[in-house]
Amino acid sequence: MNLIMNSLSIFLLLSFAFTIKADLPGVFNVKKYGAKSDGSSDISQALLSAWKEACAATGSTIVFIQKGDYALRQVDLVGPCKGDITFKLEGTLKAPTNPGDLGGDCWVRFRDVDGLKVSGGGTFDGQGEVAWKQNNCAKTANCKALPMNIRFDFVTNAMIQDITSLDSKNFHINVMGCKNITFKHVTITAPEDSANTDGIHMGRCNGVNIIDTNIGTGDDCISIGDGSQQVTISGVTCGPGHGISVGSLGKYKNEEPVVGIFVKSCQITSTSNGVRIKSWPGMYAGTASDIHFEDITMKNVSNPVLIDQTYCPWGQCNEKATSNVKLSEISFKRIKGTSATALAVKLACSRTLPCEKVELGDIDLTYSGNEGPAKSECTNVKPIVSGKLNPPGC
């Protein structure tokens, strides 16, 4: 009996502490601004009001969304703020199912915020199933972009931790112009057949860390665009999807260099590519260097190790042209596991700008299909090889 009474007392104390926490100074609970957790009442105005007051307050503040289901239309959560700000999501935010109801390229945007933290164990549910059927990018190069779940634009010194992005209509998370931003223990999920649902896409950022994160989508688990510098990806589980990619590069004018990409200790399962660098042929100039893939485990992965400088999805370019993106200082080391294709290592570099300083070391990829043993193929590159190589280096 005493044990039961003590347990009850602890439960009541914790419940009371939780209530006090939501009412503390510096905590801006959206329910105080009229938000309802009924799953159908739009809370966008309540959230914007809570954000505005939290952002204007001095010291550290918390915008708090308790457990429950909340309908949310498009919101821009904009700084600069007077102090560090935490967006604590314990509940589930649900986007409109019709992409036309969002009226922009994203659903939730954080912009111009320094010292941002997003946490709480909650979910951004993009409810993308209707939108995926409207995606016609495979048929037309000028397709209309569907809304992404979350954008981080010009955010600095940020930690994004213990959240889930579910069923985005387009990219799940887009990171643009950010500095010193970390993603840790993030879960990103969409069906394998959901088009263009990249997990995390970045561009023109410096100091991006993606750590111990689980991503399974219908496109790249992680895609690294132009201008990305000093990016570390570690402990990521990827699959299904298209693997972990640098690029695509060279599609647009005035792309900025990609420098310092480190992908290590990741597991990739049942994806259409493993670790990949891709650039468009016959398009614009660019450079990518100091890129390293190390200690990667593949399980039933097609094209586990790939440089593809003839990347031309849906036939929307001249596949016979050469890429104008220069690749150099690239290594693939300690990559092991099983390949779903006989061609386990493919390095297809540009004719006019051959790849330089490419290393292959301690590769052990097996293939058990009916196309013979695993093999490698190299074009316009002479890789430096070391350690055990299976398939043999080319």
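This one's a predicted model, so the numbers in the text were calculated from it and none came from an experiment. (Residues numbered from 1 in each chain as written. Predicted model: local features only at pLDDT ≥ 70, side-chain atom pairs only at ≥ 80, totals over all residues. Heavy atoms only, no water.)

The subject of this paragraph is the overall build of the chain. Helix and strand content of the chain: three helices and 32 strands. What you see for the chain is a C-alpha radius of gyration of 23 Å, in line with the 21 Å of a compact globule of 394 residues. Over its C-alpha atoms, taken along the principal directions, the chain stretches across nearly 70 × 55 × 40 Å. Across the 394 residues that make up the chain, the buried fraction comes to 51%. Restricting to contacts in the chain with at least 6 residues of sequence separation, those with at least 24 account for 75%. Summing over all exposed atoms, the chain offers an accessible surface of approximately 17100 Å²; the carbon and sulfur share of this is 51%. The average position of the 38 basic charges and that of the 38 acidic charges among the side chains of the chain differ by 1 Å. (Helix = DSSP H or I, 4+ residues; strand = E, 2+ residues; numbered from the N terminus. Rg over C-alpha atoms; globule rule 2.2 N^0.38 Å. Buried < 20%, exposed > 50% of the residue type's maximum accessible area, 1.4 Å probe, protein only. Contact = heavy atoms within 4.5 Å. Areas by Shrake-Rupley, 256 points an atom, 1.4 Å probe, with all protein chains shown as cover. Lys, Arg positive; Asp, Glu negative; His and termini not counted. Charge placed at Lys NZ, Arg CZ, Asp CG, Glu CD.)

Summarising the element assignment, Asn149 is placed in strand β11 (residues 148–153). Contacts of Asn149, omitting those with residues within four sequence positions, involve Trp107, Val108, Phe124, Gly126, Ser165, Leu166, Ser168, Lys169, Phe171 and His172.

Before going further, it helps to examine the sheet that holds strand β23 (residues 244–249). Reading across from one edge, β5-β8-β11-β14-β17-β20-β23-β25-β27-β29-β31 is the order of the 11 strands in this open sheet, with parallel pairing throughout. Every interior strand has two partners, whereas the edge strands, β5 (75–78) and β31 (375–379), have only one. Across the sheet, the axes of successive neighbouring strands diverge by a mean angle of 15°, strand direction being ignored. In terms of strand pairing, strand β27 (residues 305–308) meets strand β29 (residues 343–348) through four bridges, oriented parallel. (Pairing = 2+ DSSP bridges. Axes fitted to C-alpha atoms, helices over the stretch in contact; angles between N-to-C directions.)

Here we take up the pattern of salt bridges. This structure, assessed with the given rule, holds 17 salt bridges. In this structure, Lys278 engages Asp220 in a salt bridge whose closest nitrogen and oxygen atoms are separated by 3.0 Å. Placement of Lys278 in strand β25 (residues 275–279) and of Asp220 in the loop between β19 (214–216) and β20 (222–224) is noted, with a sequence separation of 58 residues between them. We note that Lys278, like Asp220, is buried. (Salt bridge = Lys/Arg side-chain N within 4 Å of Asp/Glu carboxyl O.)

Across the six residues that make up β29, a large majority, five, are buried. Strand direction decides the pairing type here: β29 and β31, joined by five bridges, are parallel. Its bridge partner lying in β31, Ala348 is registered against Thr379.

It is worth spelling out the packing of aromatic side chains at this point. One pass over the structure, following the stated rule, counts eight aromatic pairs. With centroids separated by 6.3 Å and ring planes inclined at 85°, the aromatic side chains of Trp107 and Phe124 adopt a geometry described as edge-to-face. Of this pair, Trp107 sits in strand β8 (residues 106–111) while Phe124 sits in strand β10 (residues 123–125), and the two are 17 residues apart along the sequence. On the basis of relative accessible area, Trp107 is assigned to the buried category, the value being 1%. The buried category is assigned to Phe124, whose relative accessible area is 1%. Ring geometry for Trp280 and Tyr311: centres 5.5 Å apart, planes at 90°, overall edge-to-face. Of the two residues, Trp280 is situated in the loop between β25 and β26 (286–301) and Tyr311 in the loop between β27 and β28 (325–339); the sequence distance between them amounts to 31 residues. (Phe/Tyr/Trp six-rings, centres within 6.5 Å; stacked < 30°, edge-to-face > 60°.)

Next up on the list: the pairing of β26. Side chains on a regular strand alternate between the two faces of the sheet. Taken together, the 10 bridges between strand β24 (residues 258–269) and β26 define a ladder with parallel strand orientation. If you follow Val263 over to β26, its bridge partner there is Phe293. Here β26 runs beside β28; their pairing, made up of 12 bridges, is parallel. Considered in β28, the bridge of His292 is made with Ser331.

Right, let's get into the environment of Asn254. Note on placement: Asn254 falls in the loop between β23 and β24. Between the C-alpha atoms of Asn254 and Cys178, which are 76 residues apart in sequence, the distance is 19 Å.

Let's shift gears to the nonpolar core. Phe87, Phe110, Phe152, Phe183 and Phe332 are the most contacted members of the largest nonpolar core, which has 93 residues in total. If we ignore the near neighbours within four places in the chain, the residues touching Phe87 are Leu47, Val63, Ile65, Leu77, Leu93, Phe110, Lys117, Val118, Ser119 and Phe124. (Core = buried A, V, L, I, M, F, W, Y, C linked by side-chain atoms within 4.5 Å.)

The next subject is the state of the cysteines. Under the defined criterion, the tally for this structure stands at five disulfides. What pairs with Cys55 in a disulfide is Cys81, and their sulfur atoms sit 2.1 Å apart. Looking along the S-S bond of the Cys55-Cys81 disulfide, the torsion reads about -105°, which is the left-handed sense. A residue pair is termed long-range when its members are at least 10 positions apart, and Cys55 in helix α2 (residues 44–56) and Cys81 in the loop between β5 and β6 (85–89) qualify at 26 residues. Grouping residues by exposure puts Cys55 and Cys81 together as buried. Between Cys221 and Cys238 runs a disulfide, and the two sulfur atoms are separated by 2.1 Å. An S-S torsion of about 85° defines the bridge between Cys221 and Cys238 as right-handed. (Disulfide = S-S within 2.5 Å.)

By themselves, these are just geometric observations and shouldn't be taken as functional.
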